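A structural walkthrough
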2 protein chains.
Amino acid sequence: MRGSKTDLAQADCAIARSLSIIGDWWSLLIIRDALGGSQRFSEFQKNIGLAKNILSSRLRKLVQSEIFTIEDDHSSPSVHRYVLTGRGKQLAVVMLALWQWGEDNCFPGKLDYGLADEASGKMLARMELETADGRRIDPHDLRMVVKMKRK
Amino acid sequence: MRGSKTDLAQADCAIARSLSIIGDWWSLLIIRDALGGSQRFSEFQKNIGLAKNILSSRLRKLVQSEIFTIEDDHSSPSVHRYVLTGRGKQLAVVMLALWQWGEDNCFPGKLDYGLADEASGKMLARMELETADGRRIDPHDLRMVVKMKRK
DNA sequence: CCGTATCCATTCCGATACTG
DNA sequence: CAGTATCGGAATGGATACGG
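Overview of the structure. Throughout this document, residue positions are counted from 1 along each chain, in the order its sequence is written. The lettering of chains begins at A and the numbering of ligands begins at 1, in the order of writing. Totals for whole chains, interfaces and linings use every residue, but because this is a predicted model, local features are given only for residues with pLDDT of at least 70 and side-chain atom pairs only at 80 or more, for both listing and counting. Computation of side-chain values: all heavy atoms of the structure, hydrogens and water removed.

1. Some thoughts on the overall build of chain A
Selection criterion: The way it works is that DSSP assigns letters per residue, a run of H or I at least four long becomes a helix, a run of E at least two long becomes a strand, and they are numbered from the N terminus. The buried label goes to any residue with under 20% of its type's maximum accessible area, the exposed label to any with over 50%, and the partly exposed label to all in between, with areas taken from a 1.4 Å probe on protein chains only. The method behind every accessible area is Shrake-Rupley, applied with a 1.4 Å probe, and residues are considered shielded solely by the protein chains displayed. Positive charges come from Lys and Arg alone, negative charges from Asp and Glu alone, with His and the N- and C-terminal ends not counted. Taken as the charge location is NZ of Lys, CZ of Arg, CG of Asp or CD of Glu.
Helix and strand content of chain A: 6 helices and 6 strands. Helices and strands in chain A line up, N terminus first, as α-α-α-α-β-β-α-α-β-β-β-β. For chain A, the C-alpha atoms occupy an extent of roughly 55 × 50 × 35 Å along the three principal directions. Evaluated residue by residue, chain A yields a buried proportion of 48% over its 151 residues. Summing over all exposed atoms, chain A offers an accessible surface of approximately 8100 Å²; the carbon and sulfur share of this is 48%. Averaged over its 23 positive side-chain charges, chain A has a centre that lies 6 Å from the centre of its 19 negative ones.

2. Observations regarding the interface of chain B and chain A
Many descriptions give the size of an interface as the accessible area lost when the pieces come together. Definition in use: Any two residues having at least one pair of non-hydrogen atoms within 4.5 Å are treated as being in contact. Buried area is calculated as the accessible area (1.4 Å probe) missing from two parts once they are joined, with the contributions of both summed. Definition used for salt bridges: Asp or Glu carboxyl oxygen within 4 Å of a side-chain nitrogen of Lys or Arg. Pairs of N or O atoms within 3.5 Å make up the polar contacts considered here, provided that, within protein, one atom can donate a hydrogen while the other can accept it, and that residues adjacent in sequence are counted only when both atoms are side-chain atoms.
At the interface, 80 residues of chain B touch 79 residues of chain A. Of the roughly 8100 Å² buried at the junction of chain B and chain A (both faces included), carbon and sulfur atoms supply 67%. The largest share of the area that chain B buries against chain A comes from Trp-25, Trp-101 and Met-144 of chain B, three residues that together contribute 11% of it. Our enumeration of links across chain B and chain A arrives at 6 salt bridges. For Arg-143 of chain B, the salt bridge is made with Glu-118 of chain A, and the minimal N-O distance between the two is 3.6 Å. Taken together, chain B and chain A are joined by 38 residue pairs in polar contact (both at pLDDT 80 or more).

3. Here we look at the nonpolar core
Note the following rule: Within this scheme, the nonpolar core is defined by two criteria: the residues are buried Ala, Val, Leu, Ile, Met, Phe, Trp, Tyr or Cys, and they are joined through side-chain atoms within 4.5 Å.
If you look at the biggest cluster of nonpolar residues, it comprises 94 residues, and the most contacted ones within it are Phe-68 of chain A together with Phe-68 of chain B. Ignoring anything within four residues of it in the chain, the contact list for Phe-68 of chain B reads Ile-30, Ile-31, Ala-34, Phe-44, Leu-59, Leu-62, Val-63, Tyr-82, Val-83, Leu-84 and Thr-85 of chain B.

4. Brief notes about a positive patch on the surface
Applied cut-off: Patch membership requires more than 30% relative accessible area and the absence of a salt bridge. Residues of like charge join within 9 Å; the nonpolar side chains Val, Leu, Ile, Met, Phe, Trp and Tyr join within 5 Å.
A cluster of basic residues, Lys-5 and Lys-61 of chain A together with Lys-5 and Lys-61 of chain B, forms a positive patch at the surface. For Lys-5 of chain A, the position within the fold is in the segment before α1 (14-22). In this structure Lys-5 of chain A comes out as exposed when scored by relative accessible area, which is 70%.

Written out as structure tokens, the structure reads:
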């Protein structure tokens, strides 16, 4: 098995499994675009600026992984739309976390724009770490370990 | 410029910039391990199971990106520890988001373990989307857009 | 307009061998 | 133990050409 990639899909870790599905640039950027309302092949290509063959293969994989479903567009046959599934939409939490981190750490001058909910027009709040009983944790003080859940 | 990768580091999007730094499997898995307490080369290699040359190059990149700093270990010279910086620790939010998604969507039988804070022994709470005024949003109802911040 | 197919450069990855 | 060096194979990515 030289040169073949490790398969994380069966790993015994939720993070590893997530990454096996969405752990590359393009997939996450596509999903980001979709969360903003894009549905068509050409929209993705234009907004993200990646090659068409890559977009094609990523979309195929994401459909297989049930992040998107394909629906027909009334406007014309042989035109379809890529619509996020429930699982796909749930990735908004991951997106917001990535946005937040990038905003804090990748922009020397502070950013004057952020993520909002379009329907209400309201900005999205920062996400913070909390323990199950509602106490905030500063990431600096956290050591994150895996633990059995209590019944 | 055939075959060369697009550079996302200067993109006008916080998510894209984040991904330019941590947008690959191994980096995120290394950081996950570090959040759990790992600091040494061999620990990472053993826990994650990747080739040494890859680990070496990833650690180098992550040090350059100021996710880790290198500190000496008293135990022996020429042994050093990879210690997470503040920026690095802040990635715990991203990790938790990825864990949550993977737990919900990548495990057919529900998982009987989760992420906890080691010091207090308490489980970490789920993260939810909220608007700035504290109203919860179901991902299903969200359309995420970029918006100017108000002063 | 929506993709698929092909070509080729670059990067990624794993195995191994090697140095201190 | 902590890496570096090198090698071949695989996957990724961009450009372009093509078909519906």
